[in-house]
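Analysis of the macromolecular model
This is what each chain is made of:
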Amino acid sequence: MVVLIKTLQVILALSVLILLHELGHFLWAKLFRIRVDKFFLFFDIGGAKLFSTKSAWFTKLFPKAAQWETEYGIGWLPLGGYCKIAGMIDESLDTESMKQEPQPWEFRTHPAWQRLLVMSGGVLNNFLFAILAYILILDIWGDAYLRNEGNAIYVNDLAYEMGFRTGDRILRFDDYVPEDFLNLQVDLARRDVRKATVLRGADTLDIYIDQSRIGDVLNSPGMFDLAVPFVVDTIPAGTPNAGLLAHGDRIVSVDGQPVTYLQEARVLFEKYAGGEVPVGVTRGADTLQAVLQVDTTGRVGVYSVFPGYERREYSFFEAIPAGFRLTFSTVGGYLQDLRLVATPRTEAYKSVGSFIAIGQVFPAEWDWYRFLTLLALLSIMLGVMNLLPIPALDGGHIVMCLYEMITGRKPSDKFVLAAQMVGMVLLLLLMLLAFGNDIGRLIR
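Here goes a summary of the coordinates provided. Bear in mind the structure is a predicted one, so any value in this text is a computation, not a measurement.

Attention now goes to the packing of helix α8 (residues 316–341) against helix α10 (residues 368–387). Between α8 and α10, whose axes approach to 10 Å, the crossing angle comes to 55°. On the basis of the axis angle, α8 is oblique to α10. In the packing of α8 onto α10, the handedness of the crossing is right-handed. Across the interface between the two elements, T327, T330, V331, Y334, L335 and L338 of α8 pack against L377, I380, M381, V384 and M385 of α10. The residue makeup of the contact of α8 with α10, split by class, is 9 nonpolar, 2 polar and no charged.

Time to look at the sheet that holds strand β13 (residues 257–258). Hydrogen bonds between backbone atoms are what pair the strands of a sheet, whose relative direction is either parallel or antiparallel. Pairing is antiparallel in the open sheet, where 4 strands are placed in the order β13-β12-β14-β15. In the strand order of this sheet, the two ends are held by β13 and β15 (286–293), each with one partner. As paired strands, strand β14 (residues 276–283) and β15 are joined by 8 bridges and run antiparallel to one another. Along β15, the bridge assignment pairs V277 with L292.

In this section: the packing of helix α1 (residues 2–31) against helix α3 (residues 112–141). Contact geometry for α1 and α3: axes closest at 7 Å, N-to-C directions at 140°. Taken together, the axes of α1 and α3 lie oblique to each other. The interaxial crossing formed by α1 with α3 has right-handed handedness. Taken together, the residues of α3 that come into contact with α1 (itself represented by L17, L20, H21, L23, G24, H25, W28 and A29) are L117, V118, M119, G121, G122, V123, L124, N125, N126 and F129.

Right, let's get into a nonpolar patch on the surface. A contiguous nonpolar patch, built from V422, V425, L426, L428, L429 and L432 and spanning about 560 Å² of accessible area, is present on the exposed surface. By the element assignment, L426 lies in helix α12 (residues 413–443). Here L426 falls in the partly exposed class, since its relative accessible area comes to 43%.

Moving on, we come to the sheet that holds strand β2 (residues 49–52). With respect to topology, 4 strands assemble into an open sheet ordered β2-β3-β1-β4, the strand pairing being mixed. The open sheet is flanked by β2 and β4 (77–85), the only strands paired with a single partner. Mean inter-strand twist for the sheet, computed between neighbouring axes without regard to direction, equals 15°. Across 4 bridges, the pairing between strand β1 (residues 36–43) and strand β3 (residues 71–75) is parallel. Bridge assignment links L41 to a residue of β3, and that residue is I74.

Where empty space is left can be seen by rolling a probe of water-molecule size over the atoms. Applying the stated criterion to the full structure yields 1 cavity of 30 Å³ or more. Looking at the largest cavity, its volume works out to about 230 Å³. What lines the largest cavity is a set of 16 residues, and nearest its centre among them are F107, R115, M400, K410 and V416. A total of 4 residues in the lining of the largest cavity trace back to one element, the largest contributor, which is helix α11 (residues 394–407). Taken together, the residues of the lining of the largest cavity sort by class into 9 nonpolar, 2 polar and 5 charged.

Along the chain, the position of T70 falls in the loop between α2 (56–61) and β3. A polar contact is formed between the side chain of T70 and the backbone oxygen of V36, at a distance of 2.6 Å. Among all residues touching T70, those that are not within four sequence positions of it are F26, K30, V36, D37, K38, F39, T53 and K54.

Scoring rules and cut-offs
Residues numbered from 1 in each chain as written. Predicted model: local features only at pLDDT ≥ 70, side-chain atom pairs only at ≥ 80, totals over all residues. Heavy atoms only, no water. Axes fitted to C-alpha atoms, helices over the stretch in contact; angles between N-to-C directions. Helix = DSSP H or I, 4+ residues; strand = E, 2+ residues; numbered from the N terminus. Parallel < 35°, antiparallel > 145°, perpendicular 65-115°, else oblique. Left-handed = near helix turned anticlockwise from the far one by under 90°. Contact = heavy atoms within 4.5 Å. Nonpolar A, V, L, I, M, F, W, Y, C, P; charged D, E, K, R; others polar. Pairing = 2+ DSSP bridges. Patch = residues over 30% accessible without salt bridge, like charges linked within 9 Å, V, L, I, M, F, W, Y side chains within 5 Å. Areas by Shrake-Rupley, 256 points an atom, 1.4 Å probe, with all protein chains shown as cover. Salt bridge = Lys/Arg side-chain N within 4 Å of Asp/Glu carboxyl O. Buried < 20%, exposed > 50% of the residue type's maximum accessible area, 1.4 Å probe, protein only. 1 Å grid on protein atoms, 1.4 Å probe; cavity = no way out; pocket = protein on both sides within 12 Å on 5 of 7 lines; lining within 4 Å. Points joined across faces, edges and corners; volume = space filled by probe spheres on them. Polar contact = N/O pair within 3.5 Å; in protein donor to acceptor, adjacent residues only side chain to side chain.

In structure tokens:
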């Protein structure tokens, strides 16, 4: 059931984003009276279609559809979608029409600035949708983040090897002061950090970052967990340890071994799964002893006090500029991610994923907040990826239009066709890398 829910969310999200993107090309083409031959969700490779407005049954039900100049449909291969514009060399590599005499309703006969807008329309739609989605999210739910100031890190093996210690408080990465605790690892990787300044006890220390370990940072989740002091919040009534501890108690030892943080206690509790364990507790100025029952999973049924998330509320009019800012900052962050992917020494290319990886980030239950947040992020990713100057992508066509506008010379059809083929090979290799990474992660 979980797989089904995730799969449905992925299909819905990608369908919405593909339609929005292709609609951008479609609307600008129609505005300039350029004919659009086909508008398809998913690819109809080999001419196989799940739905088409040119099919016999559809034209029988709606006779006027036979006269529509555009065929609307759904293909069988869910790897994208396309808007086939007359007089343009695209991923279909249809060159037959290009051998005919140019027509006034074709893409190639229109001025470069109009063609530029047609090719930019998909990306513009992606960014506009992200802005609107973020405005809606901020207006309804506001913004929540875990403040970095005052919170300490609980390190994994990689962080320890790099010089960080559990209990450190990260003050700065070079000259940047992190605000969101949950983005510490992302900031460390994205910002080419050379020096981390931390507060360790009463001392301020500098930790110099080995740039050769950035690849490890990208592929080592949980580098900076939140170090949670083991302070008791509540113990549910009816559980074995109810009444033994009170709100505000702090567990400072387990079986005689000192503990400062919840994570340290969990490791020790697991050794006594299904049994009992003595613990040391401070209550105000007093130190007490108690014996706790440990269940078979290594838990004692105690809810600890967790550092609260900071929440910012927005009115609708406040959400508008905040939505723009969040979109621009997300675009900037994704561009930094692409720079890392393009830098072989970081091994960030190993984190590139396909639809399988996308499916894993969707929740197991329907959640409008998370769905819209992921939809906005994926829209930005789709927009940025399509801006890359690869001939098979919008960015490649945009570069050619800009070249023509600057030089006054239009690239030849032979050059455009060759560039399109090279771009498609590059995209195929990128797709193989993404699927290969996903399959490798599933196997591991």
